[in-house]
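# Observations on the three-dimensional arrangement
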Amino acid sequence: MSNREPGFDTLAIHAGAQPDPATGARITPIYQTASFVFDDVDHAASLFGLQAFGNIYTRITNPTTAVLEERVAALEGGTAALAVASGHAAQLLVMHALMQPGDEFIASRKLYGGSINQFGQSFKSFDWHVRWADDITPAAFEAQITSKTKAIFIESLANPGGVVMDINGIAEVARKHHIPLIVDNTMATPYLCRPIEHGADIVVQSLTKFMGGHGNSMGGVIVDGGTFDWSKDDRYPILTEPRPEYNDMVLAETFGNFAFAIACRVLGLRDLGPAISPFNAFQILTGIETLPLRMQRHSENAFKVAKFLQGHDKVAWVSYAGLEGDEHHEMQKRYMPNGAGAVFTFGVKGGYQSGIDLVSNVEIFSHLANIGDTRSLIIHPASTTHRQLDDTQKAAAGAGADVIRLSVGIENAEDLIADLEQALKNI
Amino acid sequence: MQEHDFYPDQHVRSILSSVKSIAIIGASANEVRPSFFVAKYLVAKGYRIFPINPGRAGTEIAGAMTYASLADLPEPVDMVDVFRHADALPSIVMEIMAMPKLPSVVWAQLGIRDDAVAASLEMAGIEVIQNRCPKIEYARLSGEIGWAGFNRRTISSRKPKLQRGFQHYLLSE
Ligand SMILES: Cc1ncc(COP(=O)(O)O)c(C=O)c1O
């Protein structure tokens, strides 16, 4: 083979997937099995001891899922990846590998509402504590660092507000204090933004969204950037101390620049258990093959719809980073030059009630809690996804009473505009 | 002279397919040390290995007889794999140059690199690979490491080659 580096679109189709070694099947088969037979006792021992590569049990590895993992690792430019049951499972496993009871991490307030709940509420029962950065500047993140800080967490393109984060700036803070930067790249996908190239150490995604792309399967992924030196100090004992479960093996020493992915798999996934189904992995793999085409069309359609809304007299404001003059437009051009993605928010005049009326009136847009489907989706976060938050938290997360979030699909833009036009007329 | 920042996949593949016997300097008998993993893996892939470890001479590591030094080897080897710190390389080069038949390849493990040492070996006609692991390279090029979600940084429309059993791939040319 030539030494050309394959382009993104080629990787989206080929990375990780060779014809099936046993049958020659060209499409990755769905290995719908819980377990795999061992060649012999020695082979079993090698697998359990992490000395050989291979499959034991689908909670830990599966050949269909492995293709998905390698594909995402290649698209994000990481050293390795592991796929899990959902985006939230990915976040849980990452923190499980980094945090000890009593530890802290810093997160942006511009996050998916579910992540705000997971970090602010559920993680408390593990004695893991989030500190929220006051704004999106690197200085606001630095201001929250204490001796207990083990990670910084941001979304590259934040859900729902269309905020584009200064990944490089925040990565510099993380590097200076030797703390890994975790970036949730769900909304941008690696087609629009590759956070590892901007200094992220770990990328997580909900594959349920644009990667799968068809709203038919739950999945999540953790990508190891291979950039963080775990052994520099003793702050990440899961990676640097001997593991009793594996004959006192030290993961950072044995697995080098993909030790983080291995730790999440052989400790987190093995012991906490949120494995992805091979069938879902297959569906998501098929989806990823068209990711470049879909993300182009999503971004084009979203731009047209945003333009339309900007000119509508019942719309108070539109927050889409792709629009000239938007406060995040410069950051978008820097970090996501190929498009600003599908999801954005706008404010409908008349507040809470108008928001509820609008989502009730649409006919092509589906009123539901998801993003990243081929279909166009609409939601009023204040009455749904962000309902659990108090008013200040809602406002901080970009989910105030008048806010509508769209995930613009890949239908004809004219039909989407016509649907919003009729729905707005009747509020 | 060979460039040492980047080795084309085809180059590494041809080295791993042509060598049959490998001396491993610094092979450990401790089953959780990386050097033991590598020794065991190379045996499973059909290579004849010769662990070199003075403290273990006369005992077996990964099923192979261990020798105190290269000078004690009972026969020539195709490759010498070095699991020692870079500062040990100059003296290892002297040992290699004193071998009755020179190996065709000297391989320095991940993290070990000294271009001056490499140049002196290359002058003697020896192929040098540095800062790589033969286990990772074999598993990457055969496809096995994909099972661990590893980014192999290579794509192919060819079928992987199955070895005996179910979960073993061989390198294909
Ligand atoms: C940005 C972002 N991160 C994480 C998640 C959680 O992913 P999942 O629903 O797959 O658990 C979502 C889901 O909406 C999301 O939008």
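None of the values given here were measured: they were computed from a predicted structure. (Residues numbered from 1 in each chain as written. Chains lettered and ligands numbered in written order. Predicted model: local features only at pLDDT ≥ 70, side-chain atom pairs only at ≥ 80, totals over all residues. Heavy atoms only, no water.)

## A closer look at the packing of aromatic side chains
The criterion, for reference: Stacked, edge-to-face and tilted labels apply to pairs of Phe, Tyr and Trp rings (six-membered ring for Trp) whose centres lie within 6.5 Å, assigned for plane angles under 30 degrees, over 60, and everything in between, in that order.
Overall, the coordinates contain 21 aromatic pairs over all chains when judged by the stated rule. Taken together through their ring pairs, the aromatic side chains of Phe105, Phe119, Phe123, Phe126, Trp128 and Phe153 of chain A make up a single cluster.

## Quick word on the packing of helix α3 (residues 63–76) of chain A against helix α12 (residues 278–289) of chain A
Residues and elements named next belong to chain A. Cut-off, in case you're wondering: For helices, the fitted axis covers only the stretch in contact; all axes are lines through C-alpha atoms, and the angles between them, taken along N-to-C directions, range from 0 to 180 degrees. Secondary structure elements are taken from DSSP: a helix is a run of H or I of four residues or more, a strand is a run of E of two residues or more, and numbering for both begins at the N terminus. In this scheme the crossing of two helices becomes right-handed for a clockwise turn of the near helix relative to the far one and left-handed for an anticlockwise turn of less than a right angle. Contacts between residues were defined by any pair of non-hydrogen atoms, one from each residue, lying within 4.5 Å.
With their axes 8 Å apart at the nearest point, α3 and α12 run at an angle of 35 degrees to one another. Both α3 and α12 take part in a crossing whose hand is left-handed. Of the residues in α12, those in contact with Thr64, Thr65, Val67, Leu68, Arg71, Val72 and Leu75 of α3 are Pro278, Ala281, Phe282, Ile284, Leu285, Ile288 and Glu289.

## Comments concerning the domain arrangement of chain A
All names here are of chain A. In plain terms, the rule: Boundary definitions for the domains trace back to an automatic or database domain assignment. Once two parts are joined, some of their accessible surface, as seen by a 1.4 Å probe, is lost; buried area is that loss totalled over both. Put simply, a salt bridge is a Lys or Arg side-chain nitrogen that is within 4 Å of an Asp or Glu carboxyl oxygen. Three categories are distinguished: nonpolar for Ala, Val, Leu, Ile, Met, Phe, Trp, Tyr, Cys and Pro, charged for Asp, Glu, Lys and Arg, and polar for the others, with Gly belonging to the last.
Partitioning chain A into structural domains gives domain 1 (8–287) and domain 2 (292–425). Every contact between the two is made by 39 residues of domain 1 and, on the other side, 38 residues of domain 2. A combined buried area of about 3100 Å² lies between domain 1 and domain 2, and 61% of that area is made up of carbon and sulfur atoms. Our count for the domain 1 to domain 2 interface comes out at one salt bridge. Notably, a salt bridge pairs Arg334 with Asp166, separated by 3.8 Å at the nearest N-O pair. Looking at the side of domain 1 that touches domain 2, the elements with two or more residues in it are α1 (8–14), α5 (113–120), β6 (163–164), α7 (167–176) and α8 (189–192). Per-class residue counts for the side of domain 1 that touches domain 2 are 19 nonpolar, 15 polar and five charged.

## Comments concerning the site of the ligand
All names here are of chain A. Keep this limit in mind: Being near a molecule or strand, for a residue, means having at least one of its heavy atoms within 4 Å of it. Polar contacts here mean pairs of N or O atoms no more than 3.5 Å apart (in protein, one a potential hydrogen donor and the other a potential acceptor; neighbouring residues in sequence count only if both atoms are side-chain atoms). Computed with a 1.4 Å probe, the accessible areas rest on the Shrake-Rupley method; for each residue, only the protein chains presented here act as cover.
The immediate surroundings of the ligand are formed by 15 residues, with Gly87, His88, Asp184, Ser206 and Thr208 found nearest. A distance of 2.8 Å is found between an oxygen atom of the ligand and a backbone nitrogen or oxygen belonging to Gly87. A distance of 2.9 Å separates an oxygen atom of the ligand from a polar atom in the backbone of His88. Protein contact buries 93% of the 390 Å² of open area that the ligand shows by itself. When residues of the shell around the ligand are assigned to their parent elements, the largest contribution, three residues, is made by helix α4 (residues 87–98).

## Overview of the pairing of strand β4 (residues 149–155) of chain A
Residue and element names in this part refer to chain A. Definition in use: Residue burial is assigned from relative accessible area. The probe radius is 1.4 Å, only protein chains are included, and a residue is buried under 20% of its type maximum, exposed over 50%, and partly exposed in between. Should DSSP find at least two bridges between two strands, the strands are taken to pair.
Among the seven residues of β4, seven are classified as buried, and the element is accordingly described as predominantly covered. Pairing geometry for strand β2 (residues 104–107) and β4, over three bridges, is parallel. Bridge pairing in β4 links Ile106 to Ile152. Where β4 lies against strand β7 (residues 181–184), four bridges are found, and the strand directions are parallel. In the sheet register, Ile152 faces β7, and the bridge partner there is Leu181.

## Points about helix α13 (residues 291–310) of chain A
For the α-helix, the turn length of 3.6 residues means that residues three or four positions removed from each other point alike. Note the cut-off: Between the first and last residue of a helix there are one fewer steps than residues, each counted as 1.5 Å, and that sum is the expected span.
An ideal rise of 1.5 Å per residue puts 28 Å on 20 residues; α13 of chain A measures up with 28 Å between its terminal C-alpha atoms. Among all positions in α13 of chain A, only Leu291, Pro292, Arg294, Met295, His298, Ser299, Asn301, Ala302, Val305, Ala306, Phe308 and Leu309 of chain A are buried.

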